[in-house]
Amino acid sequence: MKLILHPIEIPLRHPWTLAHGTRTVQRNVVVELHDEQAGLSGFGEAAGIPYFGVTTATLIAALEGVRGVAEGVPLLDPESWWAGLAPHLAEQPFALAALDAAAHDLWAKRAGSTTRRMLGFGEDEAAYPPSDFTIGLAEPDAMAARLAERPGFPVYKVKLGSGDLAADLARVERLREETDAPLRVDANTGWTLEQAIEAGPRLVDLGVEFLEQPLRVDAPEAERRRLFEESPLPVIADEACFGEADVARCAGFFHGVNLKPAKCGGLTPALRMAAEARDLGLRVGVGCMTETTVGISATAQLLPAVDFADLDGALLLADDVVASAAAGVTLDSGRLRFPPSAGNGVQPAAASLLRLRTASV
Ligand SMILES: [Mg+2]
């Protein structure tokens, strides 16, 4: 098996602002595991997220560091292959997740089946939860314009956490003028306990269905407990639920967890986390980074195992590595559409990978 790395750079459709900062271009690494004997390649993707300290350079260094293991360990099934790699990438979950996605893709392609079927899930897309569309933090009219560009989603996720609660609530009020669809609020750790408690009833009135990660991960335990007990809205963990060890820590402080393969190290641990979260009575969601159809197609394989989803990353990019929508899992008005092809269902175009190749490594 041969590991091939494709560092890419794609402009964002719009500058992307979270409580952490703003960016205008996305630099990711598409990972290809090529099986020379079978003549098949599996694909995964790692997003560069500078506020996590993850850049093209750190991703490539991490992936090159495990090239010998990745190419040398036979891929019999993704879980045991992951177990061989994970100890070498304990501090690099983004890189590990990209390899794990590629391994799932190749494993299912070799079997001539889809990854979700190989994982034991049904293939009835209509039974899967829909994905929301995310509105980045901006001035209220700009946020309303973003929503108006993507009508027809069954639910929208709203990024707040500016630090000014009145301004944040005004943003939700403005969006409510644009749509009757339910909203989800993600404060990205930008609120205090007092702000989160004060916002609760108003957000309920505005048709918000849950509140994601309002408090800092290191907020005092008593504050996190109080919000869990007093919030009229379910409180969902994102920044507080990174890896497998975090699921049990979220019980009693959150009503649900937002899993992301990039945070925990792949589909393999995400599936275990989803099962553990359910056992603990937590709702389970799946999210993505700002990634192309390669990354979205891999993470979409988890849809049958979750209650809610935020898989709109590819829509935030002005370009993609697939030549057409039929060459990957696409998001259409909230529904993920799976092509009939094997594996994760995605086939990046070699020409697109070359065209989007980044020089900034
Ligand atoms: Mg979030």
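Residues numbered from 1 in each chain as written. Predicted model: local features only at pLDDT ≥ 70, side-chain atom pairs only at ≥ 80, totals over all residues. Heavy atoms only, no water.

**Q** Give me the coordination of the magnesium ion: which residues, what numbers.
**A** Surrounding the magnesium ion are the protein donor atoms Asp-186 (OD), Glu-212 (OE) and Asp-238 (OD), which sit 2.1 to 2.2 Å from the metal. Mapped onto the polypeptide sequence, the residues donating to the magnesium ion form the spacing pattern D-x25-E-x25-D. Of this pair, Asp-186 sits in strand S6 (residues 183-186) while Asp-238 sits in the loop between strand S8 (235-237) and helix H10 (246-250), placing them 52 residues apart in sequence. The class of Asp-186 is buried, set by a relative accessible area of 0%. (Donors = N, O, S within 2.8 Å, 3.2 Å for Na, K, Ca; no water. Helix = DSSP H or I, 4+ residues; strand = E, 2+ residues; numbered from the N terminus. Buried < 20%, exposed > 50% of the residue type's maximum accessible area, 1.4 Å probe, protein only.)

**Q** So what about the pattern of salt bridges? Which residues, and what values?
**A** This structure, assessed with the given rule, holds 28 salt bridges. Arg-117 is the salt-bridge partner of Glu-123, the closest N and O atoms lying 2.5 Å from each other. By relative accessible area, which is 29% here, Glu-123 ends up partly exposed. Residue Arg-184 is joined to Glu-209 by a salt bridge in which the shortest nitrogen-to-oxygen separation is 2.5 Å. Of the two residues, Arg-184 sits in strand S6 while Glu-209 sits in strand S7 (residues 208-212), which places them 25 residues apart along the sequence. Judged by its relative accessible area of 29%, Glu-209 falls in the partly exposed class. Connected through shared salt-bridge partners, Lys-157, Lys-159, Asp-186, Glu-212 and Asp-310 make up one network. (Salt bridge = Lys/Arg side-chain N within 4 Å of Asp/Glu carboxyl O.)

**Q** Any details on the domain arrangement of the protein? Residues and values, ideally.
**A** Structurally, the protein comprises domain 1 (2-115 + 349-355) and domain 2 (118-337). Between domain 1 and domain 2, the contact holds 41 residues from the first and 45 residues from the second. Here domain 1 meets domain 2 over a buried area of about 3,400 Å², counting both sides, of which 63% is carbon and sulfur. It is Arg-13, Trp-16 and Glu-45 in domain 1 that bury the most area against domain 2; as a group they hold 17% of the surface buried on that side. Between domain 1 and domain 2 we count 2 salt bridges in total. The closest approach of N and O atoms between Arg-355 and Asp-319, which form a salt bridge, is 2.6 Å. On the surface where domain 1 and domain 2 come into contact, there are 21 residue pairs in polar contact (both at pLDDT 80 or more). For the side of domain 1 that touches domain 2, the secondary structure elements donating two or more residues are strand S1 (2-18), strand S2 (21-35), strand S3 (40-47), helix H3 (78-85), helix H4 (93-111) and helix H14 (350-355). (Domains from an automatic or database assignment. Contact = heavy atoms within 4.5 Å. Buried area = accessible area lost by both parts, 1.4 Å probe. Polar contact = N/O pair within 3.5 Å; in protein donor to acceptor, adjacent residues only side chain to side chain.)

**Q** Could you give an account of the UniProt feature "binding site: Mg(2+)" (unreviewed entry) in the protein, naming the residues involved and the relevant values?
**A** UniProt annotation of "binding site: Mg(2+)" (unreviewed entry) refers to Asp-186, Glu-212 and Asp-238 when read in the numbering used here. Sequence-wise these annotated residues cover 53 residues; spatially they are packed, their C-alpha atoms never more than 9.0 Å apart. Contact partners of Asp-186, with chain neighbours within four places excluded, come to Lys-157, Val-158, Lys-159, Leu-160, Glu-212, Gln-213 and Asp-238. As for its placement among the helices and strands, Glu-212 is situated in strand S7. On the basis of relative accessibility, which here comes to 0%, the residue Glu-212 falls in the buried class. In this view, Glu-212 contacts Lys-157, Val-185, Asp-186, Ala-187, Asn-188, Ile-236, Asp-238 and Asn-258; residues no more than four positions away in its chain are not counted. A polar side-chain atom of Glu-212 sits 3.0 Å from a polar atom in the side chain of Lys-157. (UniProt positions renumbered as here; feature names shortened; annotations may be inferred.)

**Q** Report on the UniProt feature "domain: Mandelate racemase/muconate lactonizing enzyme C-terminal" (unreviewed entry) in the protein, specifying residues and quantitative values.
**A** Under the present numbering, the feature "domain: Mandelate racemase/muconate lactonizing enzyme C-terminal" (unreviewed entry) in UniProt falls on residues 140-234. Taken end to end, residues 140-234 has its terminal C-alpha atoms 24 Å apart, with 47% of it in helix and 14% in strand.

**Q** Outline the packing of aromatic side chains, listing residues and values.
**A** The relation between two aromatic rings is expressed through the spacing of the ring centres and the mutual angle of the planes. Taken as a whole and judged by the stated rule, the model has 7 aromatic pairs. Relative to Phe-52, the ring of Tyr-51 lies with its centre 4.6 Å away and its plane at 55°, an arrangement referred to as tilted. Accessibility expressed as a relative area gives 31% for Phe-52, which makes it partly exposed. Taken together, the ring pairs connect Tyr-51, Phe-52, Phe-94 and Phe-242 into an aromatic cluster. A cation over an aromatic ring shows up here: Arg-116 above the ring of Phe-338, its NZ or CZ 4.0 Å from the ring centre. Between the NZ or CZ atom of Arg-225 and the centre of the ring of Phe-253, over which it lies, the distance is 4.4 Å. (Phe/Tyr/Trp six-rings, centres within 6.5 Å; stacked < 30°, edge-to-face > 60°. Lys NZ or Arg CZ within 6 Å of the ring centre and 35° of its normal.)

**Q** Help me get a handle on the sheet that holds strand S5 (residues 156-159), residues and values and all.
**A** Strand order in the open sheet formed by 8 strands is S4-S5-S6-S7-S8-S9-S10-S11, with parallel pairing between adjacent strands. Two strands close off the open sheet at either side, each with one partner strand: strand S4 (133-135) and strand S11 (308-310). Taken pair by pair, the neighbouring strands of this sheet meet at an average axis angle of 25°, ignoring direction. Helix H6 (residues 140-149) contacts S4 and S5 of the sheet and is inclined by roughly 160° relative to S4. Sheet strands touched by helix H12 (residues 267-279): strand S9 (256-259) and strand S10 (283-287). Its angle to S9, the strand with the most contacts, is close to 175°. (Pairing = 2+ DSSP bridges. Axes fitted to C-alpha atoms, helices over the stretch in contact; angles between N-to-C directions.)

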